[in-house]
Amino acid sequence: MSKHARARGSLDMVDQATPKSEYVVYGGPRSLFTRKLTAALDFYGAPYRIELRGPSVDDNLQARANTHQIPLIHTPEDWVLADTTPILRLLDGRFPGRRLFAGGSLGLLVSVVEEVLDEWVSRVMVHYRWHNPENARYVLSQGAGRELTLEELKEHPIFHWGPRACRATGTEHPAQQKAAEREYLSMLDALETQLGSTRYALGDRPSAVDTIILGGLRAHTNADPIPDLSGYTRVLEWEAECESGWDGRGELAPFPDSTPFAQHMLELARDEYTGFVSSNGKALAAGDKVFRIETHGEETTYLAREYPERSRRILRAHAYDTLSYQELDEAQVWLQAESLKDTVFKN
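Counting restarts for each chain: residues are numbered from 1 in the order of the written sequence. Residue-level local features of this predicted model are given only where pLDDT is at least 70; pairs of side-chain atoms are given and counted only at 80 or more, and the full residue set underlies all totals for whole chains, interfaces and linings. Side-chain metrics in this entry use all non-hydrogen atoms of the structure; hydrogen atoms and water are not considered.

A. Highlighting the overall build of the protein chain. Within the protein chain, the secondary structure is distributed over 13 helices and seven strands. In terms of overall size, the protein chain behaves like a compact globule, its C-alpha atoms giving a radius of gyration of 20 Å where 347 residues would be expected to give roughly 20 Å. Expressed as a percentage of its 347 residues, the buried residues of the protein chain come to 54%. The protein chains shown are the only cover counted for residues, whose accessible areas, like all others here, come from Shrake-Rupley with a 1.4 Å probe. In the form shown here, the protein chain has an accessible surface area of approximately 15,800 Å², with 51% of it arising from carbon and sulfur atoms. By the counting rule applied here, Lys and Arg register as positive and Asp and Glu as negative, while His and the ends of each chain are not counted. Think of each charge as sitting on NZ of Lys, CZ of Arg, CG of Asp or CD of Glu. Of the charged side chains in the protein chain, 39 are positive and 51 negative, and the gap between their average positions amounts to 4 Å. The way it works is that DSSP assigns letters per residue, a run of H or I at least four long becomes a helix, a run of E at least two long becomes a strand, and they are numbered from the N terminus. For this measure, only C-alpha atoms enter the radius of gyration; the expected value for a globule follows 2.2 Å times N^0.38, where N is the number of residues. Relative accessible area decides the class of each residue, using a 1.4 Å probe on protein chains only: under 20% of the type maximum gives buried, over 50% gives exposed, and in between gives partly exposed.

B. Main features of the pairing of strand β6 (residues 290-295). Of the two faces of β6, the one holding F291, I293 and T295 is buried and the one holding V290, R292 and E294 is not buried anywhere. In the sheet, β6 pairs with strand β7 (residues 298-303) via six bridges, with the strands oriented antiparallel. Across the sheet, the residue bridging to I293 is T300, located in β7. In this scheme, strands are said to pair when DSSP sees at least two bridges between them. If you look at the hairpin formed by β6 and β7, you'll find two residues sitting between the two strands, and H296 has a positive phi there, around 50 degrees.

C. Structural detail: helix α9 (residues 208-221). Working rule for helices: expected span equals 1.5 Å times residues minus one. The end-to-end C-alpha distance of α9 is 19 Å, a good match for the 20 Å that 14 residues give at a rise of 1.5 Å each. Counting buried positions along α9 yields 14 of 14 residues, so the element is predominantly enclosed.

D. Looking closely at the side chain of D42. Inspection of the secondary structure puts D42 in helix α1 (residues 32-44). Residue D42 is classed as buried on the basis of its relative accessible area, which comes to 3%. Polar contact is the term for a pair of N or O atoms within 3.5 Å; when the atoms are in protein, one must be able to donate a hydrogen and the other to accept it, and sequence-neighboring residues count only if both atoms are side-chain atoms. Among the polar contacts made by the side chain of D42, one reaches the side chain of Y48 at a distance of 2.8 Å.

E. Here's a closer look at the side chain of T300. Secondary-structure assignment places T300 in strand β7. At 3.4 Å, the side chain of T300 forms a polar contact with the side chain of Q176. Note on contacts: a residue pair qualifies if any of its non-hydrogen atoms lie within 4.5 Å across the two residues. Non-local contacts of T300, meaning those with residues more than four positions away in its chain, are made with G170, Q176, F291, R292, I293 and T295.

F. Quick peek at the packing of helix α4 (residues 104-130) against helix α8 (residues 174-194). Axes here mean lines fitted to C-alpha atoms, for a helix over just the part in contact, with angles spanning 0 to 180 degrees between N-to-C directions. Where α4 meets α8, the axes come as close as 10 Å, and the angle between the chain directions of the two elements is 120 degrees. Between α4 and α8, the angle is such that the two are oblique. In this structure, the crossing between α4 and α8 has a hand that is left-handed. For the pair formed by α4 and α8, the contact residues are L117, W120, V121, R123, V124, M125, H127 and Y128 on the first element and Q177, A180, E181, E183, Y184, L185 and M187 on the second. Gly counts as polar in this scheme, as do all residues outside two lists: the nonpolar Ala, Val, Leu, Ile, Met, Phe, Trp, Tyr, Cys and Pro, and the charged Asp, Glu, Lys and Arg. The class makeup of the residues in the contact of α4 with α8 is ten nonpolar, two polar and three charged. Roughly parallel refers to an angle under 35 degrees, roughly antiparallel to one over 145, roughly perpendicular to one between 65 and 115, and oblique to any angle outside these ranges. Left-handed describes a crossing whose near helix is turned anticlockwise from the far helix by less than a right angle; the clockwise case is right-handed.

G. A look at the confidence of the model for the protein chain. Confidence scores labelled pLDDT are given residue by residue by the predictor and lie between 0 and 100. In the predicted model, the protein chain carries a mean pLDDT of 92, and 94% of its residues have values of at least 70. A low-confidence stretch, residues 1-19 stays under pLDDT 50, and its non-local contacts, those more than four residues away or across chains, total 40 contacts.

H. Looking closely at the nonpolar core. Nonpolar cores were defined as sets of buried Ala, Val, Leu, Ile, Met, Phe, Trp, Tyr and Cys residues, with membership established by side-chain atoms within 4.5 Å. With 80 residues, the main nonpolar core has L108 and F261 as its most contacted residues. Residue contributions to this core peak at 13 residues, all from α4. In terms of nonpolar packing, the next biggest core, distinct from the first, is built from seven residues, L148, L153, F159 and C166 among them.

I. Quick peek at the pattern of salt bridges. The term salt bridge refers to a pairing of a side-chain nitrogen on Lys or Arg with a carboxyl oxygen on Asp or Glu at a separation within 4 Å. Inspection of every chain in the model, using the stated rule, returns 22 salt bridges. As a salt-bridge pair, R30 and D224 come within 2.1 Å of each other at their nearest N and O atoms. Here the residue R30 occupies a position in the loop between β2 (23-27) and α1, and D224 occupies one in the loop between α9 and α10 (233-242), the gap between them amounting to 194 residues. Residue D224 is classed as buried on the basis of its relative accessible area of 6%. Through salt bridges with shared partners, one network takes in E22, R49 and E51.

As structure tokens, then:
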């Protein structure tokens, strides 16, 4: 099994490291959220190892975490947890000097940008993999330990799951596929420029935002044959450097301006994500299974899903409801000015 043991300085820890303090991540190298979680553990400097695991496994771990999804994390005190964003918030408490969600109003900004990446940009990863047979064959051949024939690929159950997932997340039709690709590459353009002036996406220290970007690169877009990211020299150098973790230096850019990359992502939130998450919540409340909204100028159908709404509640509980009165005033002004209230509040 792969091992990624990291030394931890006592100043960044709540408890001294012991052989029993190792974390175990159950997941796979081609899983977006597995790679998000391991990127975070690298930044924390936490000792961990990876145990390979696919989805839909019925065992004690599945029962304890109450999910078939990956990744799972087994903590030193014998907890088995799922869902990367709450896991990162838990780990922030254990490594306060290396927290990936800032406190105060800046923490709300970090949370909103991470939310857009987790719940919106992630659909582009699904599209790239399953709408490109070359990518699907590459990934499924790795899982099989040999090169699959085209006929074997067409008969593989996961190959048939992929297009269904794309249909549920609004990339079934070619126009939306192209729009999603432009959206992702535009994000990388913004990151390529940002890395010319700061070490990370939101300043000179990492945040939860960096972990999900790295997860996408390592599990999907810089691992699969398509797309070709060779022109993004700064992004690729940054990704490689982040394998070594974080040296503990630097600060995030201040609230509310943050960085040009953050502003790019907030514009995407305003233009596309808020309409999606708001309409998804309304569809769930009405008991509708699907809903239609305009995305990138075209009417698009989505499956109404519970998790984006649950994630919005988590964001509010941890990044908004915990603010002081002064911070709440700042946050309310910012959310109103940026037209982002629907990313936090159920309408």
